[in-house]
Amino acid sequence: QVHLAESGGGLVQAGGSLRLSCAASGTIFPLNIMGWYRQAPGKQRELVARIFSGGSINYGESVKGRFTISRDNNKNTVYLQMNSLKPEDTAVYYCLETQRGNDYWGQGTQVTVSS
(Lines give C-alpha, C1' and ligand atoms only; values in the text may rest on other atoms or scores of the structure.)
Protein backbone atom coordinates (compact mmCIF):
# COMPACT_ATOMS: atom_id res chain seq x y z
CA GLN A 1 0.00 0.00 0.00
CA VAL A 2 1.13 3.55 -0.78
CA HIS A 3 0.18 6.75 0.99
CA LEU A 4 0.68 10.13 -0.67
CA ALA A 5 0.91 13.32 1.38
CA GLU A 6 0.49 16.53 -0.61
CA SER A 7 1.31 20.05 0.51
CA GLY A 8 1.86 23.52 -0.87
CA GLY A 9 -1.48 24.57 -2.28
CA GLY A 10 -3.10 27.89 -1.54
CA LEU A 11 -4.26 31.22 -2.87
CA VAL A 12 -2.03 33.31 -5.11
CA GLN A 13 -2.45 36.24 -7.43
CA ALA A 14 -2.10 35.85 -11.18
CA GLY A 15 1.55 35.90 -12.17
CA GLY A 16 2.62 34.44 -8.85
CA SER A 17 4.23 31.13 -7.97
CA LEU A 18 3.52 28.11 -5.82
CA ARG A 19 5.40 24.91 -5.13
CA LEU A 20 3.59 21.66 -4.49
CA SER A 21 5.16 18.66 -2.80
CA CYS A 22 4.01 15.07 -2.61
CA ALA A 23 5.73 12.55 -0.38
CA ALA A 24 5.07 8.86 -0.91
CA SER A 25 5.31 6.35 1.89
CA GLY A 26 4.68 2.63 2.19
CA THR A 27 5.92 0.03 -0.27
CA ILE A 28 7.62 2.03 -3.00
CA PHE A 29 9.26 0.21 -5.90
CA PRO A 30 12.21 1.85 -7.68
CA LEU A 31 10.52 1.77 -11.09
CA ASN A 32 7.56 4.08 -10.89
CA ILE A 33 5.95 7.20 -12.21
CA MET A 34 5.07 10.18 -10.05
CA GLY A 35 3.04 13.08 -11.24
CA TRP A 36 0.38 15.68 -10.85
CA TYR A 37 -3.11 15.91 -12.28
CA ARG A 38 -5.67 18.61 -11.72
CA GLN A 39 -9.41 18.95 -11.85
CA ALA A 40 -11.29 22.21 -12.11
CA PRO A 41 -15.03 22.44 -11.33
CA GLY A 42 -17.09 20.97 -14.13
CA LYS A 43 -14.04 19.69 -16.00
CA GLN A 44 -12.31 16.36 -16.39
CA ARG A 45 -9.15 15.55 -14.53
CA GLU A 46 -6.15 16.34 -16.69
CA LEU A 47 -2.44 15.68 -16.70
CA VAL A 48 -0.29 18.51 -15.42
CA ALA A 49 3.08 16.78 -15.39
CA ARG A 50 4.60 13.40 -14.67
CA ILE A 51 8.12 12.16 -14.20
CA PHE A 52 9.39 8.62 -14.62
CA SER A 53 11.91 7.07 -12.30
CA GLY A 54 14.46 7.21 -15.13
CA GLY A 55 13.96 10.96 -15.48
CA SER A 56 11.68 11.27 -18.52
CA ILE A 57 9.07 13.99 -18.18
CA ASN A 58 5.70 14.76 -19.76
CA TYR A 59 3.86 18.07 -19.40
CA GLY A 60 0.33 19.03 -20.22
CA GLU A 61 0.21 21.50 -23.08
CA SER A 62 -1.28 24.31 -21.01
CA VAL A 63 1.55 24.33 -18.47
CA LYS A 64 4.59 23.89 -20.70
CA GLY A 65 7.17 26.58 -20.06
CA ARG A 66 5.56 27.63 -16.77
CA PHE A 67 5.60 24.55 -14.56
CA THR A 68 8.54 22.33 -13.66
CA ILE A 69 8.31 18.87 -12.17
CA SER A 70 11.16 17.22 -10.28
CA ARG A 71 11.64 14.34 -7.92
CA ASP A 72 13.91 13.24 -5.11
CA ASN A 73 14.12 9.47 -5.29
CA ASN A 74 15.83 9.23 -1.90
CA LYS A 75 12.84 10.91 -0.31
CA ASN A 76 10.18 9.39 -2.62
CA THR A 77 8.97 12.92 -3.16
CA VAL A 78 7.81 14.74 -6.25
CA TYR A 79 7.67 18.52 -6.59
CA LEU A 80 5.78 20.83 -8.90
CA GLN A 81 7.10 24.37 -9.25
CA MET A 82 4.37 26.52 -10.74
CA ASN A 83 5.31 29.93 -12.09
CA SER A 84 3.39 32.58 -14.00
CA LEU A 85 0.15 31.23 -12.61
CA LYS A 86 -3.09 32.10 -14.36
CA PRO A 87 -6.69 32.08 -13.11
CA GLU A 88 -7.33 29.08 -15.37
CA ASP A 89 -4.80 27.10 -13.32
CA THR A 90 -7.30 27.14 -10.46
CA ALA A 91 -8.12 23.54 -9.60
CA VAL A 92 -7.63 20.75 -7.12
CA TYR A 93 -4.21 19.25 -7.78
CA TYR A 94 -3.79 15.54 -7.18
CA CYS A 95 -0.59 13.61 -6.79
CA LEU A 96 -0.40 10.23 -8.54
CA GLU A 97 2.07 7.43 -8.05
CA THR A 98 2.01 4.50 -10.46
CA GLN A 99 3.93 1.32 -9.84
CA ARG A 100 3.50 -2.24 -11.04
CA GLY A 101 0.34 -1.23 -12.88
CA ASN A 102 -1.35 0.23 -9.80
CA ASP A 103 -2.34 3.87 -9.39
CA TYR A 104 -2.27 5.59 -6.01
CA TRP A 105 -3.84 9.02 -5.60
CA GLY A 106 -3.38 11.70 -3.01
CA GLN A 107 -6.27 13.54 -1.37
CA GLY A 108 -5.71 16.64 -3.46
CA THR A 109 -4.66 20.18 -2.65
CA GLN A 110 -6.53 23.30 -3.73
CA VAL A 111 -4.76 25.89 -5.85
CA THR A 112 -6.63 29.13 -6.42
CA VAL A 113 -5.29 31.88 -8.66
CA SER A 114 -7.00 35.23 -8.40
CA SER A 115 -7.09 37.71 -11.27
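Presented here is a report on the structure given in the accompanying data block. (Residues numbered from 1 in each chain as written. Predicted model: local features only at pLDDT ≥ 70, side-chain atom pairs only at ≥ 80, totals over all residues. Heavy atoms only, no water.)

**Thoughts on the overall build of the protein**
Heads up, the condition is: The way it works is that DSSP assigns letters per residue, a run of H or I at least four long becomes a helix, a run of E at least two long becomes a strand, and they are numbered from the N terminus. Radius of gyration: C-alpha atoms only; globule rule: 2.2 Å multiplied by the number of residues to the exponent 0.38. Using a 1.4 Å probe on the protein chains alone, a residue whose accessible area is under 20% of its type maximum counts as buried, one over 50% counts as exposed, and one in between counts as partly exposed. In what follows, residue pairs with any heavy atoms lying within 4.5 Å of each other are defined as contacts. Each accessible area is a Shrake-Rupley estimate made with a 1.4 Å probe; only the visible protein chains count as cover when residues are assessed. None of His or the chain ends enter the tally, which takes Lys and Arg as positive and Asp and Glu as negative. In this description, the location of a charge corresponds to atom NZ of lysine, CZ of arginine, CG of aspartate or CD of glutamate.
Looking only at helices and strands, one finds 0 helices and 11 strands in the protein. Along the protein, helices (α) and strands (β) appear in the sequence β-β-β-β-β-β-β-β-β-β-β when read from the amino end. A compact globule built from 115 residues should have a C-alpha radius of gyration of about 13 Å, and the protein, at 13 Å, falls within 12% of that. The principal-axis extent of the C-alpha atoms belonging to the protein is close to 40 × 25 × 20 Å. Counting all 115 residues of the protein, 40% fall into the buried class. Here the analysis covers contacts within the protein between residues at least 6 apart in sequence; of these, 52% occur between residues at least 24 apart. With an accessible surface of roughly 6200 Å², the protein has 46% of that area assigned to carbon and sulfur atoms. Of note, the protein has its 11 positive side-chain charges centred 2 Å away from the centre of its 8 negative side-chain charges.

**Digging into the packing of aromatic side chains**
Condition: Whether two aromatic rings pair depends on their centres lying within 6.5 Å, for rings of Phe, Tyr and Trp, where Trp uses its six-membered ring; planes under 30 degrees apart make the pair stacked, over 60 edge-to-face, and the rest tilted.
Within the structure shown, the criterion is met by 2 aromatic pairs. Ring geometry for Tyr 37 versus Trp 105: centroids 5.4 Å apart, planes at 70°, classification edge-to-face. Of this pair, Tyr 37 sits in strand β4 (residues 33-39) while Trp 105 sits in strand β10 (residues 102-105), and the two are 68 residues apart along the sequence. The class for Trp 105 is partly exposed, based on a relative accessible area of 38%. The interplanar angle of 85° and the centroid separation of 6.4 Å between the aromatic rings of Tyr 94 and Trp 105 together place this pair among those described as edge-to-face. Remark: Trp 105 occurs in strand β10 and Tyr 94 occurs in strand β9 (residues 91-99); sequence separation between them is 11 residues. Joined through ring pairs, the aromatic side chains of Tyr 37, Tyr 94 and Trp 105 make up one cluster.

**Here we look at unusual backbone geometry**
Even without being a glycine, Ser 84 presents a positive backbone phi close to 50°. Examined against the element boundaries, Ser 84 turns out to sit in the loop between β8 (77-82) and β9. On the accessibility criterion, Ser 84 (42% relative accessible area) is partly exposed. Despite not being glycine, Arg 100 has its phi angle at roughly 50°, a positive value.

**Considering the environment of Ser 17**
Let me state the cut-off plainly: Pairing of N or O atoms within 3.5 Å defines a polar contact, subject to two protein rules: one partner must be a possible hydrogen donor and the other a possible acceptor, and residues neighboring in sequence count only if both atoms are side-chain atoms.
With respect to the helices and strands, Ser 17 occurs in the loop between β2 (10-13) and β3 (18-26). For Ser 17, a relative accessible area of 40% corresponds to the partly exposed category. Sequence separation between Ser 17 and Arg 66 is 49 residues; the distance between their C-alpha atoms is 9.6 Å. Look past the residues within four positions of Ser 17 in its chain and what remains in contact with it is Val 12, Gln 81, Met 82, Asn 83, Ser 84 and Leu 85. A polar side-chain atom of Ser 17 sits 2.9 Å from a polar atom in the side chain of Asn 83.

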